Amino acid sequence: MNNIKNYINGNFHDPIQNNWLDNYCPANGEVYGQIPNSSKEDVENAYIAAKSAFPSWSQTTLEERSRILIKISELLEANLQRFAEAESKDNGKPISLAKEIDIPRAASNFRFFGNAITQFASESHESVGHNAINYTLRQPIGVVGCISPWNLPLYLFTWKIAPALAAGNCVVAKPSEVTPLTAFLLGEICNEAGLPKGVLNIVHGLGTTTGQAIIEHPDIKAISFTGGTATGAHIAKVAAPMFKKLSLELGGKNPNIIFADCDYDDMLNTTLRSSFANQGQICLCGSRIFVEASIYEKFKTDFVAKVKQLKVGHPSDTATTIGALVSKPHLEKVMDYINIAKSEGGNLLCGGQKVTVKDFENGYYLQPTVIEVPNDECRVNQEEIFGPVVTIMPFNSEDDVLQMANKVKYGLSATLWTNDLKRTMRMSNQLQSGIVWVNTWMMRDLRTLFGGVKASGVGREGGFEALRFFTEAKNVCIKY
Ligand code: NAD
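Residues numbered from 1 in each chain as written. Predicted model: local features only at pLDDT ≥ 70, side-chain atom pairs only at ≥ 80, totals over all residues.

Where an unreviewed UniProt entry is consulted, the protein chain appears under the name Aldehyde dehydrogenase, with the organism given as Geojedonia litorea. Taken directly from UniProt, the Sequence similarities (unreviewed entry) text for the protein chain runs: "Belongs to the aldehyde dehydrogenase family." (UniProt positions renumbered as here; feature names shortened; annotations may be inferred.)

> How should the pairing of strand β7 (residues 132–140) be read in this particular structure?
In the sheet, strand β6 (residues 124–127) pairs with β7 via four bridges, with the strands oriented antiparallel. Looking across to β7, one finds that E126 is bridged to I133. Pairing of β7 with strand β23 (residues 471–479) involves nine bridges; the strand directions are antiparallel. Bridged to L137 within β23 is K474. (Pairing = 2+ DSSP bridges. Helix = DSSP H or I, 4+ residues; strand = E, 2+ residues; numbered from the N terminus.)

> Before we go on, may I ask you to explain the nonpolar core in this structure?
Grouped together as the largest cluster of nonpolar side chains are 141 residues, with contacts concentrated most on V171, V172 and I258. Ranked by residues supplied to this core, first place goes to helix α4 (residues 95–116) with eleven residues. (Core = buried A, V, L, I, M, F, W, Y, C linked by C-beta atoms within 7 Å. Buried ≥ 20, exposed ≤ 12 C-beta atoms within 10 Å, placed from the backbone.)

> How should the sheet that holds β23 be read in this particular structure?
In sheet architecture, strand pairing relies on hydrogen bonds along the backbone and comes in two forms, parallel and antiparallel. As summarised here, the arrangement of the three strands in space is β6-β7-β23, forming an open sheet in which the pairing is antiparallel. In this open sheet, the two strands that pair with only one neighbour each are β6 and β23. Across this sheet, the average inter-strand angle for adjacent strands is 20°, counted without regard to direction. (Axes fitted to C-alpha atoms, helices over the stretch in contact; angles between N-to-C directions.)

> Is there a simple way to explain helix α3 (residues 80–91) in this structure?
Side chains that are three or four residues apart share a direction in an α-helix, a result of its 3.6 residues per turn. Between its first and last C-alpha, α3 extends 16 Å over twelve residues, near the 16 Å set by a 1.5 Å rise per residue. Taken residue by residue, α3 has F83, A84, A86, E87, S88, K89, D90 and N91 as its buried positions. Close packing links the buried residues of α3 with β4 (20–25), α2 (62–78), α4, α5 (153–166) and α6 (181–193). Just past α3, the residue G92 takes up positive phi, approximately 95°. (Expected span 1.5 Å × (residues − 1). Contact = placed C-beta atoms within 7 Å.)

> What am I meant to see in the pairing of strand β12 (residues 245–249) here?
Both faces of the sheet carry side chains from a regular strand, because those side chains alternate between them. As paired elements, strand β11 (residues 222–226) and β12 share five bridges and run parallel to each other. Among the inter-strand pairings, I223 is bridged to a residue of β12, identified as L246. Where β12 and strand β22 (residues 457–458) come together, two bridges link them in antiparallel fashion. The partner of E249 across the bridge, within β22, is G457.

> I tried to follow the packing of α2 against α6 on my own but got confused; where do I start?
Axis angle and axis distance: for two packed helices, these are the angle between their axes and the distance between the axes, and together they describe the pair. Interhelical geometry of α2 versus α6 gives an angle of 130° and a closest axis separation of 9 Å. Classified by the angle their axes make, α2 and α6 are oblique. Both α2 and α6 take part in a crossing whose hand is right-handed. Contact with α2, carried on its side by I68, K71, I72, L75 and L76, involves I189, C190, E192 and A193 of α6 and no other residues of that element. In the contact of α2 with α6, the residues fall into seven nonpolar, no polar and two charged. (Parallel < 35°, antiparallel > 145°, perpendicular 65-115°, else oblique. Left-handed = near helix turned anticlockwise from the far one by under 90°. Nonpolar A, V, L, I, M, F, W, Y, C, P; charged D, E, K, R; others polar.)

> Before we go on, may I ask you to explain the confidence of the model for the protein chain in this structure?
In low-pLDDT regions, the fine details of the predicted coordinates are not to be read closely. On average, residues of the protein chain carry a pLDDT of 98, and 100% of them reach 70 or more. At the level of chain-chain contacts, confidence expressed as ipTM amounts to 0.98, with global pTM at 0.98. (pLDDT = per-residue confidence, 0-100.)

> Can you walk me through the UniProt feature "active site" (unreviewed entry) in the protein chain in this structure?
Following the UniProt record, one finds the feature "active site" (unreviewed entry) at E249. By the element assignment, E249 lies in strand β12. Apart from the residues lying within four places of it in its own chain, the contact partners of E249 are F225, T226, G451, G452, G457 and E461.

> Could you clarify how one ought to interpret the site of the ligand in this entry?
The environment of the ligand is formed by 31 residues, the closest being P149, G207, G211, G227 and T231. Among the secondary structure elements, those contributing two or more residues to the shell around the ligand are α7 (207–215) and α8 (229–239). Among the elements that line the shell around the ligand, the one with the most residues is α7, at five residues. Tallied by class, residues from the shell around the ligand come to ten nonpolar, 17 polar and four charged. (Near = placed C-beta within 6 Å.)

> Is there a simple way to think about α8 in this case?
Turning to α8, its buried residues are T231, G232, I235 and A239. Looking down the long axis of α8, one finds its buried residues gathered within 100° of arc, a one-sided arrangement. Summarising the geometry of α8, the exposed residues directed more than 90 degrees from the buried face are A230, A233 and K237. Buried residues in α8 make contact with α7, β11, β12 and β22. (Arc of directions from axis to C-beta.)

> Honestly, the UniProt feature "domain: Aldehyde dehydrogenase" (unreviewed entry) in the protein chain in this entry has me stumped. Any pointers?
Per the UniProt record, the feature "domain: Aldehyde dehydrogenase" (unreviewed entry) sits at residues 21–476. A helix fraction of 42% and a strand fraction of 20% characterise residues 21–476, whose end C-alpha atoms lie 49 Å from each other.

Given below as structure tokens:
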């Protein structure tokens, strides 16, 4: 049994009330460990540790903070195999994906913000004719809360923690209770890297107990959250009357818009990835595919043929391209949507069935699924499924597809496949989303901002935007 503990003040602790949750392995459906379901008291202890560490950490030189964050990054890289295995076991994703994407990106997050903080600067304004100068101080907020989801566990956890620490804050963080393992292992790495005690505290447990205790803590002054839209709305309701700073990265229902003039092979291969990478459990996946009518039938045939070649299997099998979904309830939710699609007149082009993997019969495996939908207003085209399920339908004109792309409550990302420059610029202007990819997908430069509009969230992460979020700006006006 792998028992996970809370990381508070540099040490590992059982939950005070001795309340534990089972941790399931999605690849075989078995319980393989337990995690604390931390109470208010555990969160309070984490807060006290963070508060005590803050005066010293906030005054630590930028060079020293940078050195420690980069050391954490190096240690993650040195432990790549161990972390990738843990991530895969906890989440069900192919181990190859964890090794190529999740863990390297977690290491990059620490390296990036370790470097970025040495380049972060604030403004000054000379008030000419008034004999005055204004300058902006960007000061750490104090103790901040970071809460993350299960789909890219360490990747998204560190995407918040690294800038928060770089900016001089101390952190109380909670990973998803569904995938807590790599966050637990991160504590050891932080100690080894010399992160002072209490600067980062990691508490485990359910959103409704541990997460709730973080968001309603009166002295945790900012919350950076990534997760579902309904949870984000709840957090806003609790935190807004307390005037906490809030960054909310929420759900998506992203359009993938394909014009006939695109580079076809590149589009086809990337669309396969943007549909099914990580079992379709990436908030940026292009789950609504719109194809220009003149190439629709060709695309349909070629795409379905490629999807049928994807190999569903055990995450540690090197031939596997699609691993297990993260949990049984999630598998059931995704299956429900496939049934909803059928009842709404959707045409199942491939997939739709659970997969039984030999020796791992109780794992949460599902065939990659493509559904041809009769219109863009059906539920499977409007609601986030967050699994290996995409819809396809044709469009006739730029105006039509733009209207359909924007006619959802979400607005996280959009992908556009075309070689027409003017169309690219027109559509990029008008698409209602925080991110537009043209002729690519999920290409990330960590300096760029990241976030959504409408029900996909509030605020931007990434680059200096994240450092601005994790600091309070103060204007100082001096008359001379
Ligand atoms: P979720 O909202 O259920 O949980 C996310 C986190 O919030 C977990 O750690 C959970 O324990 C915690 N939580 C739940 N209730 C809480 C409460 N009352 N108070 C405080 N914390 C609480 O989301 P999930 O199912 O883990 O993740 C899937 C969702 O995340 C999808 O909707 C996906 O689109 C979204 N997501 C968004 C992004 C983005 O960058 N926009 C990235 C990845 C995932």
